[in-house]
Structure formats: structure tokens, C-alpha cells
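A structural walkthrough
The chain contents come next:
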Amino acid sequence: MKRILSTVALMAAATSAQDGCANDRGNWYCARVNAITYTEVGGEGTYNRVTNMDPYSGTCSSEPSGYSGTLSPLNEEVSLHVRGPTILKQFAAYAPGEPSAKKSKRSEHARRQAHGAKHAHHGHPHEKRAVGDMVTATINGLVQTWVNTYDGLPSEPSAVEVPPLGDSRLVSPAADGEYEPAPSEEDPPAPSADYAPEIAYSGAPSSSKGSVWDVASPGDGWGRSAYFDASSAVAEGMVFLYHFGGQGSGTFDYSFGNSLSYASCDAQAGASSPQVLEDCELPSGREVVLMTNETCEDGSCGYTRPGTVAHHGFAGSRKAFFFEFQMPDTGETSEDAYDPVNMPAIWMLNAQIPRTLQYGNADCSCWTSGCGEFDIFEVLASGDSRAKSTLHGNRAGGDSNYFDRPVDAPIKVGVVMYDDNIHIKILDSSMEFPSVMDEATINDILGSTLTQNSMVSLFRVADVSG
Ligand SMILES: *[C@@H]1O[C@H](CO)[C@@H](O)[C@H](O)[C@H]1NC(C)=O
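Reading the values: the criteria
- Residues numbered from 1 in each chain as written.
- Predicted model: local features only at pLDDT ≥ 70, side-chain atom pairs only at ≥ 80, totals over all residues.
- Heavy atoms only, no water.
- Pairing = 2+ DSSP bridges.
- Helix = DSSP H or I, 4+ residues; strand = E, 2+ residues; numbered from the N terminus.
- Core = buried A, V, L, I, M, F, W, Y, C linked by side-chain atoms within 4.5 Å.
- Buried < 20%, exposed > 50% of the residue type's maximum accessible area, 1.4 Å probe, protein only.
- Contact = heavy atoms within 4.5 Å.
- Phe/Tyr/Trp six-rings, centres within 6.5 Å; stacked < 30°, edge-to-face > 60°.
- Lys NZ or Arg CZ within 6 Å of the ring centre and 35° of its normal.
- Near = heavy atom within 4 Å.
- Polar contact = N/O pair within 3.5 Å; in protein donor to acceptor, adjacent residues only side chain to side chain.
- Areas by Shrake-Rupley, 256 points an atom, 1.4 Å probe, with all protein chains shown as cover.
- Disulfide = S-S within 2.5 Å.
- pLDDT = per-residue confidence, 0-100.

1. Thoughts on the sheet that holds strand β19 (residues 373-378)
Across the sheet, which stays open at both edges, the nine strands sit in the order β14-β13-β10-β16-β6-β18-β19-β20-β21 with antiparallel pairing between neighbours. The outermost strands of the open sheet, each flanked by one partner alone, are β14 (270-271) and β21 (403-404). Two elements, β19 and strand β20 (residues 386-392), share four bridges in a ladder whose sense is antiparallel. Its bridge partner being in β20, E378 is matched across the sheet by K388.

2. Thoughts on the nonpolar core
If you look at the biggest cluster of nonpolar residues, it comprises 47 residues, and the most contacted ones within it are F91, F321, F323, I376 and F377. Take this core: its biggest share by element is four residues, from strand β22 (residues 411-418). Ignoring any residue separated from it by four or fewer positions in sequence, one finds F321 in contact with V78, L80, F91, A92, A93, F314, M348, V413, G414, V415 and M417. One finds F322, V416, M431 and M437 within the second-largest nonpolar core, a separate group that totals 15 residues.

3. A short note on the packing of aromatic side chains
Taken as a whole and judged by the stated rule, the model has 16 aromatic pairs. Each ring, one from Y38 and one from F374, has its centre 5.2 Å from the other, and the planes form 85°; the classification is edge-to-face. A residue pair is termed long-range when its members are at least 10 positions apart, and Y38 in strand β3 (residues 35-39) and F374 in strand β19 qualify at 336 residues. With respect to burial, Y38 and F374 carry one shared label: buried. Judged by centre distance (5.1 Å) and plane angle (50°), the rings of Y38 and F459 are tilted. Of this pair, Y38 sits in strand β3 while F459 is found in strand β25 (residues 456-460), placing the two residues 421 residues apart along the sequence. The class of F459 is buried, set by a relative accessible area of 0%. Lying over the aromatic face of Y402, R386 brings its terminal NZ or CZ to 5.8 Å of the ring centre.

4. Digging into the site of the ligand
Taken together, the residues surrounding the ligand are E236, G237 and N293. Here an oxygen atom of the ligand and a side-chain polar atom of N293 are 2.3 Å apart. Protein coverage of the free-state accessible area of the ligand, which is 360 Å², stands at 33%.

5. So, the state of the cysteines
Applying the stated rule across the entire model yields four disulfides. In this model, C296 is linked to C301 through a disulfide, with the two sulfur atoms separated by 1.9 Å. Handedness here is read from the sign of the S-S torsion; for C296 and C301, about -75°, the answer is left-handed. Each member of the pair, C296 together with C301, is buried. Across a sulfur-sulfur distance of 2.2 Å, C366 and C371 are joined as a disulfide pair.

6. Observations regarding unusual backbone geometry
Here the bond from S72 into P73 is cis, since omega is 5°, no more than 30 degrees from zero. Residue placement: P73 occurs in the loop between β5 (59-67) and β6 (78-83). Here G84 and P85 are connected by a cis peptide whose omega angle stands at 5°. Mapped onto the elements of the fold, P85 is located in the loop between β6 and β7 (86-96). Of note, A267 is a non-glycine position whose phi angle comes to about 55°, a positive value.

7. Digging into the pairing of strand β8 (residues 222-229)
Counted residue by residue, β8 has seven buried out of eight residues, so it is predominantly covered. Two elements, β7 and β8, share seven bridges in a ladder whose sense is antiparallel. Opposite Q90, over in β8, you have D229 as the bridge partner. Here β8 pairs with strand β24 (residues 436-437) via two bridges, running antiparallel. Across the sheet, the residue bridging to W222 is M437, located in β24. As paired strands, β8 and strand β9 (residues 234-236) are joined by three bridges and run antiparallel to one another. Note on β9: the bridge partner recorded for D229 is V234.

8. Let's talk about the pairing of β25
Counting buried residues in β25 gives four out of five residues, a clear majority hidden from the surface. The pairing of β3 with β25 spans five bridges and is parallel. Along β25, the bridge assignment pairs T39 with R460.

9. Describing the environment of P64
Tracing the chain through its elements places P64 in strand β5. Between the alpha carbons of P64 and T46 there is a distance of 6.1 Å; along the sequence they are 18 residues apart. When sequence neighbours within four positions are dropped, the list of residues in contact with P64 reads T46, Y47 and N48.

10. Regarding the confidence of the model for the chain
Looking at the chain as a whole, its pLDDT mean stands at 76, while 69% of the residues score no less than 70. This stretch, residues 100-213, has a pLDDT under 50; its non-local contacts, to residues over four places away or in other chains, come to 234 contacts.

11. Overview of helix α6 (residues 439-446)
Side chains of residues three or four places apart in an α-helix project in the same direction, reflecting 3.6 residues per turn. With respect to burial, α6 is a largely interior element, six of its eight residues being buried. When α6 is considered as a whole, its buried residues turn out to be E439, T441, I442, N443, I445 and L446. Where the residues of α6 are buried, they touch β8, β17 (318-326), β22, β23 (421-427) and β24.

12. Some points on the environment of A320
Its location among the elements puts A320 in strand β17. Assessed through its relative accessible area of 0%, A320 is described here as buried. Through-space distance from the C-alpha of A320 to that of Y418 is 8.1 Å; in sequence the pair is 98 residues apart. Residue contacts for A320: discarding those within four places in its chain leaves A92, A93, Y94, W222, V415, V416 and I442.

Structure representation (C-alpha cells):
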């Protein structure tokens, strides 16, 4: 079922983003919003899947792995990451239909393997990948993923962030197929006034891509596959992991450092078995990783770092995550962009990344080659009260509109990944995360950016990423 939207409504949403845009410490901030939709997120390409990690030499091997299809590569298993200062009150993961995560995960894995084999012949290791390299390296220099080492990436963390809509400076291909890094600019130009028409959908959606007005088909609702509630100390279908391998679980060596481990319930140490996170404040800079409770022991996750705690992530091109959280302001500040002090964040990674090496030698994870990251709600400067979202990978872009950081009280946020679109929406405080989420609620989130409302934003990834 399609809902036909007027161009006017979409343009209104896009145009509002230009009002009062400002560049603050390298990041653009336009309007405060309560919903952002990313469209045309998926693509076809190749990333390097890690095939071996050698702790003696600290080197890793990988092989090109092709991906294609809706939402790809974020249709693959993803892990969710929460960095303090954050109080995580609730988390829930959903997928359409019955909550039989195991079955869909298996078929997803098989499908992925098939794609990998198929694309291996084509061997386009350089195709598009360099675009993602430069874009992701530039954006990421400020914050979250590779804060410790930048092997193979530009050594200087550029202050230039993904530009506002329609600005493709960062991703212009050179004639020889190589991609030039973005010019580093102290003060990138303000968003131009002429980009709005480019993001307005005026006609029928193309047949192969999900369109922003696709709605979920009638069914039995979406089943909850994982649920955490801090107040009742419940964690079902999921585990909390921590970068503390060697403490009770996981492993440590001097080349790769700590692997994933289980997290203690106050997320201050490793643990030997899965623990339920307390109703506690994750300290500034500390990070917990949320995965399903299904382990990779049977080899079903592909290659993982030897000795690491390894669990499956959340797979599928249609999936939804709901969070209730608060991000208190500790009052701390730091000018060091590599040191995430008082910079809370919630983001997702291709789950292969933490299962090999999330922080360290870039050859030891598929991140640099574009296997996928989506920043859902991320504070980009120490002590800042705004949170932004960004897609990293071979298709990349970040909306310049922002959410208010929930400093004083928890908020509820839904992230619905539906075909080629990702919808983030701040939800009503009365919203609950029941064992079945009805279609109407999902559809409401899918349609949240379609209203003529200055509090919503539509970001078409194709405008900044070919
Ligand atoms: C995962 O959690 C679900 C829900 O609590 C449970 O039914 C299932 O047995 C668990 N699976 C594993 C492998 O622990």
C-alpha cells in the first residue's frame, strides 16, 4: 500500500532545515527536530571481511565480500552501542512477524554467504570503497569508532563533517576512479538555498528502492526478539557486552588489546557470564554493546577474533530498535576530539566489527572498507546538548538537523529500518515496548517525516553519496 505524498509537504520539511544553520566546532547544526528519515540507504558494493587475526604480528588478513540488496550492508547483523554518560532504561528489538530470530538469522547468513561467493568473481575491490574510506575517515575523526589508532586513515582528525544536504564536496570521484579526500576547510560554507528541490520526491518511487512512504503490510505485527528493562532487571534474548576481554571472559593480547567480554551489571568490569545491566549511569566514555543472546560457538557468525566473546547481532532488512534513555550532563569538557568526554552516543555497527576489532588496527575490521555504521543519536562535542545522526560506509551522509540531548529526564526513541530507509523518531513518553508491536505503530514511525511539520527532516543519502 502506498500513500501518495505531495511534493510540497516534503519540500517544507527539507526547507526548514536551512533556517539558522551554524557550524560549531566542525559540525553543522540546523534545526532541532523530533524525527529524521534517511532514504536510499542501501547499496551494492564490496567490503573486506576479516579472515584471520594474528596476535603475534598484530596483522590481519581479509578478503573482498560483496553485498547488495535493500538496506545493505546494514541488512546484515548489527550490534547496538551505547556510550556514557547514559542511563539506559529500556531497549527492545523487533522484526516483522513472529519473534523467531533464529530462523531469519540463519537464512540471512546463508543469503549473505551466497552473495559473497557471487561477487567474489567480479572483484571490484576499489569500486566505490574509496569513497566511503574518505568520508567515513573524515567524519569519524572527531569521535566514536577508531578513537585509538588511525592506521591507514588520515592522521589528522579533520573538523569537516558530512556537509548538509546536497553538498557533494566530500565524495567527488576523480577521473581515474580514485577518490580525492575532501579539502579540509576551517569553515565550510553554509548550506546553500538551492538543495531543497533535490530531496523532494515528486513522483512515483523507483521500482527497486524502498520509498519513504512505503508502509508495513497488514499482518500480525512485529515480534519482539530482545528486551531489556532496567527497572525490573529483565534482559531477554540479548546480552550486554563490554570491551574488557580477559576479565572473566574473552581474551587480551598486546597486539589487539581487550576483546569483547560480558559486562558486569554496573558496566565497570568484565564478567564470566551474561549479566543484566543495572539501572545505572554508564560513565562518560564507557561503552556497552548489545547483541542477541545467541552465541557464535557453532561458527555461524563467520570469522571472529580467537578467544573473544562472540554473539549474533540483529539481522534483516526490516528491523526496529526502541530505546528509553537519559544522557545526563556530567559538566566535564575536553577539547580532545579523540577523547569522548561527556559525549554520549547510541549507534550501530555491522556486528562483524566488534567481533574482530572495533578499536585498533584498521585492517582488522571491515569498518574502513565500508561494512556499515549508523549513528542514531550521538553528541559530537564534549558537553554539547545536541545529538546528531550519520550513516557511514560506502554510502554515507549525515543530516544537519539534530535532536535535543535528554539531560534531565529519559526519552523514548524508535529506530525503524524498513527496506532502504531508516527512520529515527522521538516517541511519546507513554509509548510501551510490548512483545508484539502493532503495524499501526510501526507505520506511524515510517510516516513520521511525511507530515508538513518543521520538526521532521528527510535526508536522501543519494544526494551526498553516489
Ligand atoms: C535467548 O533468550 C530467549 C528469551 O529469553 C530464550 O527463550 C532463549 O532460550 C535464549 N537463547 C539462548 C541461546 O540462550
